Structure formats: structure tokens, C-alpha cells
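Structural features, examined
Residues per chain are reported as follows:
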Amino acid sequence: MNPGEFLSIEPQELQFPFELKKQISCSLILTNKTDSYVAFKVKTTNPKKYCVRPNTGIVLPHSTCDVIVTMQAQKEAPLDMQCKDKFLLQSTVASPGASAKDITADMFNKESGNRVEECKLRVVYVPPPQPPSPVREEPEEGSSPRASVSDNGTVNTSEYAPSRAQLERKAFVERTHVDSQDNSSESRSFVSKLTEEKNKAVEQMNRLQQEVESLRRQGKKSHGGVPFIYVVIVGFIGILLGYLLKRT
């Protein structure tokens, strides 16, 4: 019988990123390459140190099964980070429709004439994954950007560039300043126009008063009373004064 006839096993060794006082797990993927039901069983030389789930099972034809191997938390690091622990994965053909509860120890006994395939797996300790590099924080509002120096001694000028929030705030201040200038210019123009109209109205009022006074004197000479035109002119002056007071 050729090795790997029943099951394909990946990976071929159990790699644990070793860390003290921490449980570590790795997985095995078992692939059934046959048209039969295949039973498997996992053994280890150090059963107190490892937990295997599931340690026995059935892989359906042309299907896969994941086996999780968990190493218990270790208090001490091994010498030179070397591990002598090993695993043995046994597989054999099961009856069609078999399930995990149908597996017996005798199925993996070669002396009983069963065809049993065995694959030895060694344990390897690897360095733990490195933490991701810290993300550069955005400068706080009102704070100056900080420069950084690269490994070759050059200054990273990109960090001197203002942030997006600073650019938006600057644009808002500029727009506000322009709007206030426009509003101030419009206000001065409006006040100037009102002052000009007021001066013209005062001049017209003075001329009307002079004409009224002249007519009044003429009326006294001719009739000795107040003429009707005088009353009309006085009323017009009162209306004009009221309009000017409301505008100013």
C-alpha cells in the first residue's frame, strides 16, 4: 500500500507559534481521495500537553475534515526552541454509511488483517507573529505638524503638509473674511445713498419752506388770511418729513 492512499494531510508538520502561558492551536486538513468512507485516529507521544478535536472521525468520500490540535499553555520555553513531541495519524477504510460512533480500536489493528495507513507528524515551534506597525495619529487641532527622520537621515517633509481639517478651516476663514468685506462694502454704499437722498430732501424742504413763506406774505397783502395753497404745501412737507424719518 502506498503512503497517502486513503487521506491527504496538510500540513505535513504541526507548527505552533510558541508563546509562554498561552494556549496555541493549529489545524490539520484531512482530504479523502477515495470513493470509500475513511476512518481516522490521531495519537500523540504527549497526550497531557495536547488536546485534539476530533481525535477520531469519519471522512466521507471526496470530502475534507478539519482537525484542531491545541497545545496547553507552557510555563517554560524549551531549550533552543526544539520540540521532540510527535503525532501519529492512522486511517483505514470504514463501512459505507459509518459514523464516528462506529469506530473501534480494532479497526486500526494491523494484526487483525486491516489495511491501516499511518502518517507521522512532528511538532515545530515558530516565532509568534509580529504586531502590526502603529498607525500614525493625525495631529490635534491647533498643534503643529511634527517632522520625522528616515533611516538614512532625510527629513520626511510630507508630515509638514497641513491636514485636511486644517485646510478646510483655512478655506472657511477666507470665505468668511471675503463675505464680511462684501457685506461691509454694500453697507457703506447703502448708507451713502441714504445720506445723499436725505440731503436732497432737506434741500427741497428748504426751498418749499421759502416758497410757502413767500406765498404767506403775499396772501396777507392781498386777502389778509391764510390761502388754501399754503395749507396744501404745509401738509405735503409734513408727509415728506415723516417719510424721511422712517428711512433714516
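All values derive from a computational prediction rather than experimental measurement.

**Considering the sheet that holds strand E7 (residues 64-71)**
- As summarised here, the arrangement of the four strands in space is E1-E3-E7-E5, forming an open sheet in which the pairing is antiparallel. The two strands at the open ends of the sheet, each matched to only one other strand, are strand E1 (7-10) and strand E5 (50-53). This sheet shows a mean twist of 20° between the axes of neighbouring strands, independent of strand direction.
- The sheet contact formed by E1 and strand E3 (residues 24-32) spans four bridges and is antiparallel. Paired with Ile9 across the strands is Leu30, a residue of E3.

**A few points about the sheet that holds strand E8 (residues 86-94)**
- The mixed open sheet is built from five strands, whose spatial order is E2-E9-E8-E4-E6. The open sheet is flanked by strand E2 (13-17) and strand E6 (56-59), the only strands paired with a single partner. Each strand axis lies, on average, 25° off the axis of its neighbour in the sheet, ignoring direction.

**A look at the environment of Ser27**
- Inspection of the secondary structure puts Ser27 in strand E3.
- A sequence separation of 13 residues divides Ser27 from Leu14, and the C-alpha atoms of the two residues are 7.8 Å apart.
- The residues contacting Ser27, other than those within four sequence positions of it, are Glu10, Pro11, Val67 and Ile68.

**With respect to the nonpolar core**
- Of all hydrophobic cores here, the largest spans 27 residues; its most connected members are Phe16, Phe40, Tyr50, Val69 and Phe87.
- Residue assignment for this core shows that the elements contributing at least two residues are E1, E2, E3, strand E4 (37-44), E5, E7, E8 and strand E9 (116-126).
- When sequence neighbours within four positions are dropped, the list of residues in contact with Phe16 reads Ile24, Ser25, Cys26, Tyr50, Val69, Met71, Val123, Val124, Tyr125 and Val126.
- If you look at the next biggest cluster of nonpolar residues, it comprises seven residues, including Ala39, Ile58, Ala94 and Ala98.

**Here we look at the environment of Pro78**
- Relative to the assigned elements, Pro78 resides in the loop between E7 and E8.
- What makes Pro78 partly exposed here is its relative accessible area of 24%.
- Separated by 47 residues in the primary sequence, Pro78 and Tyr125 have C-alpha atoms spaced 9.5 Å apart.
- Excluding residues that lie within four positions of it along the chain, Pro78 makes contacts with Phe18 and Tyr125.

**Regarding the pairing of E7**
- Judged from the eight bridges that link them, E3 and E7 form a sheet pairing that is antiparallel. Directly across from Thr31, in E7, lies its bridge partner Thr64.
- Note that E5 and E7 share four bridges and pair antiparallel. Along E7, the bridge assignment pairs Arg53 with Ile68.

**Things to note about the pattern of salt bridges**
- Going through the model one piece at a time under the given rule, you end up with six salt bridges.
- With a shortest N-O distance of 3.5 Å, Glu19 and Lys22 are connected by a salt bridge.
- By relative accessible area, which is 31% here, Glu19 ends up partly exposed.
- Note that Glu196 and Lys200 form a salt bridge whose closest N and O atoms lie 3.6 Å from each other. Here Glu196 and its partner Lys200 are both found in helix H1 (residues 164-222), four residues apart, which amounts to about one turn of the helix.
- In this structure Glu196 comes out as partly exposed when scored by relative accessible area, which is 44%.
- Given the relative accessible area of 46%, Lys200 is considered partly exposed.

**Remarks on the packing of aromatic side chains**
- Applying the stated criterion to the full structure yields three aromatic pairs.
- Centre to centre, the rings of Phe16 and Tyr50 are 5.9 Å apart; their planes meet at 40°, and the pair counts as tilted. Residue Phe16 is located in strand E2, and its partner Tyr50 is located in strand E5; the two are separated by 34 residues in the primary sequence.
- By relative accessible area, which is 0% here, Phe16 ends up buried.
- Overall, the relative accessible area of 6% leaves Tyr50 in the buried class.
- A ring pair is formed by Phe18 and Tyr125, whose centres lie 4.9 Å apart and whose planes are at 45°; its orientation type is tilted.

Reading the values: rules and limits
Residues numbered from 1 in each chain as written. Predicted model: local features only at pLDDT ≥ 70, side-chain atom pairs only at ≥ 80, totals over all residues. Heavy atoms only, no water. Pairing = 2+ DSSP bridges. Helix = DSSP H or I, 4+ residues; strand = E, 2+ residues; numbered from the N terminus. Axes fitted to C-alpha atoms, helices over the stretch in contact; angles between N-to-C directions. Contact = heavy atoms within 4.5 Å. Core = buried A, V, L, I, M, F, W, Y, C linked by side-chain atoms within 4.5 Å. Buried < 20%, exposed > 50% of the residue type's maximum accessible area, 1.4 Å probe, protein only. Salt bridge = Lys/Arg side-chain N within 4 Å of Asp/Glu carboxyl O. Phe/Tyr/Trp six-rings, centres within 6.5 Å; stacked < 30°, edge-to-face > 60°.

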